[in-house]
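Residues per chain, in single letters:
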Amino acid sequence: MIHPSESQPDIYSAPAAQAALRTFFKIAKAWGLSNEEQQRLLGCGRTTFYDWKAGRIKTGLDASTLERLSHLFGIYSGLQILLPIPERADAWVRKPNTAPLFGGRPALERMLAGQVSDLFVVRQYLDAQRGGWA
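Notes on the structure follow. (Residues numbered from 1 in each chain as written. Predicted model: local features only at pLDDT ≥ 70, side-chain atom pairs only at ≥ 80, totals over all residues. Heavy atoms only, no water.)

### Concerning the overall build of the chain
Of regular secondary structure, the chain possesses 8 helices and 0 strands. For the chain, the N- to C-terminal ordering of α and β elements is α-α-α-α-α-α-α-α. Oriented by its inertia axes, the alpha-carbon framework of the chain measures out at about 50 × 40 × 25 Å. The proportion of buried residues among the 134 residues of the chain is 38%. When contacts within the chain are restricted to residue pairs at least 6 apart in sequence, long-range pairs at least 24 apart make up 57% of them. A total accessible area of about 8000 Å² is found for the chain, and carbon and sulfur atoms account for 54% of it. Between the centroid of the 16 positive side chains of the chain and the centroid of its 12 negative side chains there is a distance of 6 Å. (Helix = DSSP H or I, 4+ residues; strand = E, 2+ residues; numbered from the N terminus. Buried < 20%, exposed > 50% of the residue type's maximum accessible area, 1.4 Å probe, protein only. Contact = heavy atoms within 4.5 Å. Areas by Shrake-Rupley, 256 points an atom, 1.4 Å probe, with all protein chains shown as cover. Lys, Arg positive; Asp, Glu negative; His and termini not counted. Charge placed at Lys NZ, Arg CZ, Asp CG, Glu CD.)

### Observations concerning the packing of helix α3 (residues 35–42) against helix α4 (residues 46–53)
Axis separation between α3 and α4 bottoms out at 10 Å; the angle between their running directions is 105°. One element, α3, and the other, α4, form an angle in the roughly perpendicular class. When α3 is examined against α4, the residues N35, Q38, Q39 and L42 are found in contact with a partner set consisting of R46, F49, Y50, W52 and K53. The residue makeup of the contact of α3 with α4, split by class, is 4 nonpolar, 3 polar and 2 charged. (Axes fitted to C-alpha atoms, helices over the stretch in contact; angles between N-to-C directions. Parallel < 35°, antiparallel > 145°, perpendicular 65-115°, else oblique. Nonpolar A, V, L, I, M, F, W, Y, C, P; charged D, E, K, R; others polar.)

### Things to note about the side chain of S13
Within the fold, S13 resides in the loop between α1 (4–7) and α2 (14–31). There is a polar contact of 2.9 Å between the side chain of S13 and the backbone oxygen of D10. Among the polar contacts made by the side chain of S13, one reaches the main-chain amide nitrogen of A16 at a distance of 3.2 Å. (Polar contact = N/O pair within 3.5 Å; in protein donor to acceptor, adjacent residues only side chain to side chain.)

### Quick notes on the packing of helix α5 (residues 63–82) against helix α8 (residues 116–129)
Between α5 and α8, whose axes approach to 9 Å, the crossing angle comes to 25°. If you check the angle between α5 and α8, you find them roughly parallel. For the pair α5 and α8, the crossing hand works out as left-handed. Side by side, α5 and α8 meet where S64, E67, R68, S70, H71, L72, G74, I75, L79 and L82 of the first sit next to V116, L119, F120, V122, R123, L126 and Q129 of the second. Looking at the contact of α5 with α8, its residues break down into 9 nonpolar, 5 polar and 3 charged. (Left-handed = near helix turned anticlockwise from the far one by under 90°.)

### Digging into the pattern of salt bridges
The full count for this structure, using the stated rule, is 5 salt bridges. Across the pair E109 and R105 runs a salt bridge, and its minimum N-O distance is 2.7 Å. Classification of E109 by relative accessible area gives partly exposed; the value is 42%. Taking the relative accessible area as the measure of exposure, R105 reaches 45% and is therefore partly exposed. (Salt bridge = Lys/Arg side-chain N within 4 Å of Asp/Glu carboxyl O.)

Structure (C-alpha cells):
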C-alpha cells in the first residue's frame, strides 16, 4: 500500500509552481495580456513577477496565488468549451459584455479589479453559461 503523502503531488513545491506559471504565461500570451495585466492577475509584486516570468522560481506558490491560478485556468478552460474556436475564446476576455455582471465592459476589466473574488465571479459566470455549477 502506498502512503497517502507519497501518492499525491505537492502543489506547494517549486516544480508545481514552475508548471503552473508556465501554463499561466501561455494563457497570458493567448489573451494578449501586458506585463502589468499579468502581474495584477497574479496579485504579486513587480520583482516577483519578473523573477517568475524569467523562470526563476525557487519555492512553491502561496495559497492565494494558487487560488488565482485555479480561477484563471477555469476561465480559460470554460472559454475553450463555450467557444471552440481558440481565437474567439481568447478574444472574449477583451470584448464588451452585456451580461449584468460586466455592465457592458469586458470581462478582463472585472478580472483586473485586483481581488480573488473578481476572478471567482467571472469563472462562476462561465461555469453557469456552460451548464455547470452556478
